[in-house]
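Chain by chain, the residues run as shown.
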Amino acid sequence: MTFWNDPINFIAGWLRGVFMGWGLSTGPATVITSLIGIIVMILFAMLIAIALVWVERKVVARFQDRLGPNRIGPFGIFQPFADIVKLIIKEDITPAGADKAVFNMAPVISLASVILIWAIVPLASKIYGVDINVGVLYLVAVGAFGTLSVIMAGWASNNKYALIGAFRMVATMISYEIPMVVALLIPTIIAGTMSVKGITEAQGNLWFVILSPLGLLLFMISAIAELGRSPFDLNEAESEIVAGFHIEYTGMKFGLFYAGELLHAFTFGGFMAVLFFGGYGGFFGLEKFPAFAWLSNPFIELVVFLVKALIGYWIIMWVKYSMPRIRIDHMLTFNWKFLTPLAFVLLMMTALFDKLLAPTQFYVLGMFLSNLVLAWIVLEILRKYSKRERAEHEKNAEPVVQAAHH
Amino acid sequence: MSIPLSWYMILSAALFSIGLFGVLARKNAVAILLGIELMLNAVNINLVAFWRYGTGSIAGQVFAIIVFAVAAAEVAVGLALIISVYRRRSTVIADDLDLLKW
Amino acid sequence: MTPDQIIFLLCAALIVSSALMVVITRNLVHAALWLVAALFGVAVLYGLLQAGFLALVQVVVYIGAIAILFIFAVMLTRRELRDKGPQVNQNWLISALLALLTFAGLAYILSSWDGFSRTAGVLPGGTETLMVLGKALVSPDAYVLPFEVASILLLAALVGAVFIATSSKE
C-alpha cells in the first residue's frame, strides 16, 4: 500500500501512527484522523467551488459572444479571489424586523446541504468519503435540507418578494423531487444496489446511458429543476422578482448561497457522470492488460471523474444559457402532467425488461430499443395533443379577425 | 453496543409525554398537530429499538415504515382541514371553533 | 462511557430540548423549526440503532415533506405577522401535571418488565437488513397486505387533502 496506489489509507495510517506516537490510544487517534479526513474533503469541495466561479463566468461570456473576465491574472483566473474579497468587505445588512437567528442560519444550512453530498461522491475506487448502502436515498434526503433552507431564507427576510420567491422555489423543488427519485431508481434497478459506488462498479462493462437514455434525460431535467437554474429559475429571476428568496442577503451570506448553487450544479453533473456515464471508470477492461495496468491508478480515475463531471456541468450550463425562462404554472404543469407519468411508465418498463431480458443475450438491445419505443410513443402523443390544441386555438381566434374588418 | 434498552424506552416515554403536553395545552390547532407529530416519533423510536434488541423479526422496521406513511397522510389531511377552517372562520384557535356547542 | 453512549446522550438531549421548545415557544414558525431539529435528532438515533434506511426515510419524509407542510400551514393561517398572547390555554397546569404523570407511570410500568435492561445482541437478520426489509414488504406471507393498504391510505389522503383545501366557488 503505497501513496500512489491507495492514497487515503496510506495517509490515514501515517497520521494514526503519528497520533499514537504522541500518546493517544487507538480510539481517539482514529476519531481525530477521520475528522482531518472530513476537513480535507470539505476543502476539496470548496476549492472546486472557487474554480467553478471562474468557469461559469468564462463560459457564460463565450455563450454571449464576449470575453468574460480577463484582467485579473492570465485569462482572468484570479477573478474568483477578487470576488471573494469583494464579498467579504461588503457591509453585512440585516433587514429590520427580520428573524435574526433564522436569517443567519439559512445560508449556512444551504451550503451545508451541498457539502454533505460530497461525503458519498466516489472520486475514485479508493478515494471516497464513505460507502453507505443507501447512497441514492442519501442524495434525496440532503436535497430536503436544501428545500428547508430556501423557506427559512424567504420567511426570515421579512420581505414579500422574498416570500413569493421562496414559495415558488419550494413548490418547484418538492414537485420535481418525484421524477428525480424515479430517475434515481432506474440505475438502482439495473445495478441491483442503491450504493453509489456499487452503481459505478456495475458499469464496468457498459455505461447505463446506453441501457436507459430516457433515464438520463429524466434525471437531467429534474436535476436542473431541483437546482433552481434556468430554464426553471423563475424563483430568482432578476427581471421579475429581483433575486427571489435571497434578496436581503448581502456580502458573504450571499456568497454562501452563490457558491452553494454553483457547487450543487457541479455535484449534480458529477452524479450524472456516476449514475449514467460510468463514474470514475471508463476504460472498459483495458486496464486488465498488464501494459495498461497503470490505468487503474486512483489518481487517473480521479482525473477521469473530474473530466466527466465537468462535461456534465457544461451541459447544465449550456441548457441554462440557451433557453428562455419557463413560467411557474407551466413548470408545475410540466412536472405533474408530463414528467411524473412518464417517470412511472419508464420505471415500470425498465423493471419489467430488466427482469425479463437479464438472462438472455438481448439485454442491451432490448433495453435500448424499449427506451426508443417509449420516446417515440410519447412524442406521438405530444404531437396529437398539440395539433388538437392548435386547432382549437385557431377556431377561437377567427371572430376577432372578422370583427376588426369593419 | 453497550446501551441498554431501558434508555431508548425512557427517551420514548419522555418524548411521548412532551407531545401529550403539547396537544393538551396549546391553543393553536397547528401547534396541536405538532404535538401529535412528536408522539408519533416517540412510538417510532420504540418500535425500531425493539427491532434492534429483539430476536430476528423485521416487524419493527416494517411497522415503523407504515407509521411513516400514516403520519404523512394524517398531517396532509389535518393541515388541509385547518386551512379550510381558517378560510371560513379566519381563526385557528381551537377554543374559538365552538359552533356545534350547546 | 463508550462512544455509543456519549452519542446517545447528546442525541437524547437534543431531542428532548427541541421537543420542549416545540411545545413552549410562542412563535409558531420557530416551533416548526424546533420540530425539524427534534426530527433530525430522531434520525441520528435511527442511525445509532443501525437502521440506516429508516434514518434517511425519516429525513426525506418528515423533514423534507411534513415539516415543510407545517411551515406553509403556519404561514397561511395567521391574521397578523406577529403571534401575540399566550400560546397555552387555561388548562396548561393540569396538562403539565398529566404529562408528568404519564411519563412517571410509563417509566414505572416499563421498569418492572424483566427485559428492561436488555443489551443489544447481534443484528437481527444479519447485515443485509435492507434486503430483508425489502423482501418482507412485498412477500405474500410477510407484510405485503399492510404495505398495499398503506398505499391506498396515502391515495385517499391525497385526494381528500386536495379536495378539502381547494376553495369551492360558491
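Residues numbered from 1 in each chain as written. Chains lettered and ligands numbered in written order. Predicted model: local features only at pLDDT ≥ 70, side-chain atom pairs only at ≥ 80, totals over all residues.

## Here's the deal with the overall build of chain A
Spelled out, the test is: Helix and strand assignments come from DSSP, with helices taken as H or I runs of at least 4 residues and strands as E runs of at least 2, each series counted from the N terminus. We compute the radius of gyration from the C-alpha atoms alone; for a globule the expected value is 2.2 Å times N to the 0.38, where N is the number of residues. Neighbour density around each residue's C-beta defines its exposure: 20 or more other C-beta atoms within 10 Å make it buried, 12 or fewer make it exposed, and counts between make it partly exposed, where C-beta atoms are placed from the backbone. Distance between backbone-placed C-beta atoms decides contact: two residues are in contact if it is within 7 Å.
Assigned secondary structure in chain A consists of 13 helices and 0 strands. Going from N to C terminus, chain A has its helices and strands arranged as α-α-α-α-α-α-α-α-α-α-α-α-α. Whereas a compact globule of 406 residues would reach a radius of gyration of roughly 22 Å, chain A reaches 24 Å, a difference of no more than 12%. Projecting the C-alpha coordinates of chain A onto the three principal axes gives extents of approximately 95 × 65 × 40 Å. Per-residue burial for chain A yields a buried fraction of 38% across its 406 residues. Taking the contacts inside chain A whose residues are at least 6 apart along the sequence as the reference set, 75% of them involve residues at least 24 apart.

## Section: the overall build of chain B
Of regular secondary structure, chain B possesses 3 helices and 0 strands. When its helices and strands are written in sequence order, chain B yields α-α-α. By the compact-globule yardstick of 13 Å for 102 residues, chain B is too spread out, its C-alpha radius of gyration being 17 Å. By principal-axis analysis of the C-alpha atoms, chain B measures approximately 55 × 25 × 25 Å.

## A closer look at the interface of chain C and chain A
Note the following rule: When residue character is reported, Ala, Val, Leu, Ile, Met, Phe, Trp, Tyr, Cys and Pro are called nonpolar, Asp, Glu, Lys and Arg charged, and the others, Gly included, polar.
Tallying the contact residues gives 15 residues for chain C and 15 residues for chain A. Residue assignment for the side of chain C that touches chain A shows that the elements contributing at least two residues are α2 (28-48) and α3 (52-76) of chain C. The biggest single contributor to the side of chain C that touches chain A is α3 of chain C, with 11 residues. Across the side of chain C that touches chain A, the residue classes break down as 13 nonpolar, 2 polar and no charged.

## Let's talk about helix α4 (residues 100-115) of chain A
All names here are of chain A. This is how the line gets drawn: The span you would expect from a helix comes to 1.5 Å times its residue count less one. One fitted axis covers the seven residues ending at a residue, a second covers the seven starting there, and the bend at that residue is the angle between these axes.
Relative to the 22 Å expected for 16 residues at 1.5 Å per residue, α4 spans 24 Å between its end C-alpha atoms, a close match to the ideal helical length. The largest bend in α4 comes to about 30°, at Ala106, with the proline Pro107 one to four residues further on. Turning to α4, its buried residues are Phe103, Ala106, Pro107, Ser110, Leu111, Ser113 and Val114. Each element contacted by the buried residues of α4 is listed here: α5 (135-156) and α10 (251-276).

## Considerations on the domain arrangement of chain A
All names here are of chain A. Operational definition: How far each domain reaches was decided by an automatic or database domain assignment.
Each assigned domain of chain A is listed with its residue range as follows: domain 1 (1-89) and domain 2 (94-395). Centre-to-centre, using C-alpha coordinates, domain 1 lies 23 Å away from domain 2. Domain 1 puts 17 residues into the contact, and the matching count from domain 2 is 17 residues. Counting only elements with at least two residues in the side of domain 1 that touches domain 2, the list comes to α1 (7-21), α2 (26-63) and α3 (79-89). Counting residues per element, the side of domain 1 that touches domain 2 draws most heavily on α2, which supplies 11 residues. Class assignment for the residues of the side of domain 1 that touches domain 2 results in 15 nonpolar, no polar and 2 charged.

## Considerations on the interface of chain B and chain C
If you look at the interface, chain B gives 65 residues, while chain C gives 73 residues. When contributions to the side of chain B that touches chain C are tallied by element, the ones reaching two or more residues are α1 (5-25), α2 (29-52) and α3 (59-89) of chain B. Take the side of chain B that touches chain C: its biggest share by element is 21 residues, from α3 of chain B. Residues of the side of chain B that touches chain C, tallied by class, amount to 45 nonpolar, 14 polar and 6 charged.

## What to know about the arrangement of the chains
Looking across the 2 pairs of chains in contact, one finds the most contacts between chains B and C. Separated without contact, chain A and chain B have their nearest C-alpha atoms at a distance of 15 Å.

## Overview of the packing of helix α1 (residues 3-24) of chain C against α2 of chain C
All names here are of chain C. Heads up, the condition is: Each axis is a line fitted through C-alpha atoms, taken for helices only over the stretch in contact, and angles between the N-to-C directions span 0 to 180 degrees. Each angle is binned into one of four classes, with values under 35 degrees roughly parallel, values over 145 roughly antiparallel, values of 65 to 115 roughly perpendicular, and all other values oblique. A crossing counts as left-handed when the near helix is turned anticlockwise from the far one by less than a right angle, and as right-handed when that turn is clockwise.
Axis separation between α1 and α2 bottoms out at 8 Å; the angle between their running directions is 155°. With respect to their mutual orientation, α1 and α2 come out roughly antiparallel. Along this stretch, α1 crosses α2, giving a crossing that reads as left-handed. Between α1 and α2, the contacting residues are Asp4, Ile7, Phe8, Cys11, Leu14, Ile15, Ser18, Ala19, Met21 and Val22 on the first element and Ala31, Trp34, Leu35, Ala37, Ala38, Gly41, Val42, Val44, Leu45 and Leu48 on the second.

## Here's the deal with the nonpolar core
The criterion, for reference: To define a nonpolar core, we join buried Ala, Val, Leu, Ile, Met, Phe, Trp, Tyr and Cys residues through C-beta atoms within 7 Å and take the resulting set.
Among the nonpolar cores identified, the biggest contains 172 residues, and Val30 of chain B together with Ala32, Leu35 and Ala67 of chain C are the most heavily contacted of them. When residues no more than four places from it in sequence are discounted, the contact partners of Val30 of chain B are Ile82 and Val92 of chain B together with Leu28, Phe70, Ala73, Val74 and Thr77 of chain C.

## Concerning the environment of Leu163 of chain A
Residue and element names in this part refer to chain A. Along the polypeptide, Leu163 turns up in helix α6 (residues 160-191). A sequence separation of 83 residues divides Leu163 from His246, and the C-alpha atoms of the two residues are 9.7 Å apart. With residues up to four places along the chain from it excluded, the contact list for Leu163 reads Gly154 and Trp155.

## Here's the deal with the confidence of the model for chain B
For the record, the criterion: As a per-residue quantity, pLDDT reports the predictor's confidence and falls between 0 and 100.
With 97% of its residues at a pLDDT of at least 70, chain B reaches an overall mean of 89. Overall fold confidence for the complex sits at a pTM of 0.89, while the interface term, ipTM, reaches 0.90.

## Observations concerning unusual backbone geometry
Its identity as a non-glycine residue notwithstanding, Ser90 of chain B has a phi of 55°, on the positive side. A count of 10 C-beta atoms within 10 Å places Ser90 of chain B in the exposed class. For Gln50 of chain C, which is not glycine, the phi torsion reads 60° and is therefore positive. Position of Gln50 of chain C among the secondary structure elements: in the loop between α2 and α3.

## Quick word on the environment of Leu263 of chain A
Residue and element names in this part refer to chain A. Residue position: Leu263 is located in helix α10. Assessed through the 21 C-beta atoms surrounding it within 10 Å, Leu263 is described here as buried. Considering only alpha carbons, one finds Leu263 and Ala51, 212 residues apart in sequence, at a separation of 9.9 Å. If near-sequence neighbours (up to four positions away) are discounted, Leu263 is found in contact with Ala45, Ile48, Ala49, Leu52 and Val114.

## Some remarks on the packing of α3 of chain B against α3 of chain C
α3 of chain C packs onto α3 of chain B with a crossing angle of 10° between their chain directions and a minimal axis gap of 10 Å. In terms of their interaxial angle, α3 of chain B and α3 of chain C are classed as roughly parallel. In contact with Gln61, Ala64, Phe68, Ala71, Ala72, Val75, Ala76, Leu79, Ile82 and Ile83 of chain B of α3 of chain B, α3 of chain C contributes Leu54, Val57, Val61, Ala65, Ile66, Leu69, Ala73 and Leu76 of chain C. Looking at side-chain class alone, the contact of α3 of chain B with α3 of chain C contains 17 nonpolar, 1 polar and no charged residues.

## Details of the environment of Val162 of chain C
Tracing the sequence through the fold places Val162 of chain C in helix α6 (residues 144-165). Put simply, Val162 of chain C and Lys135 of chain C are 27 residues apart on the chain and 33 Å apart in space, counted from C-alpha to C-alpha.

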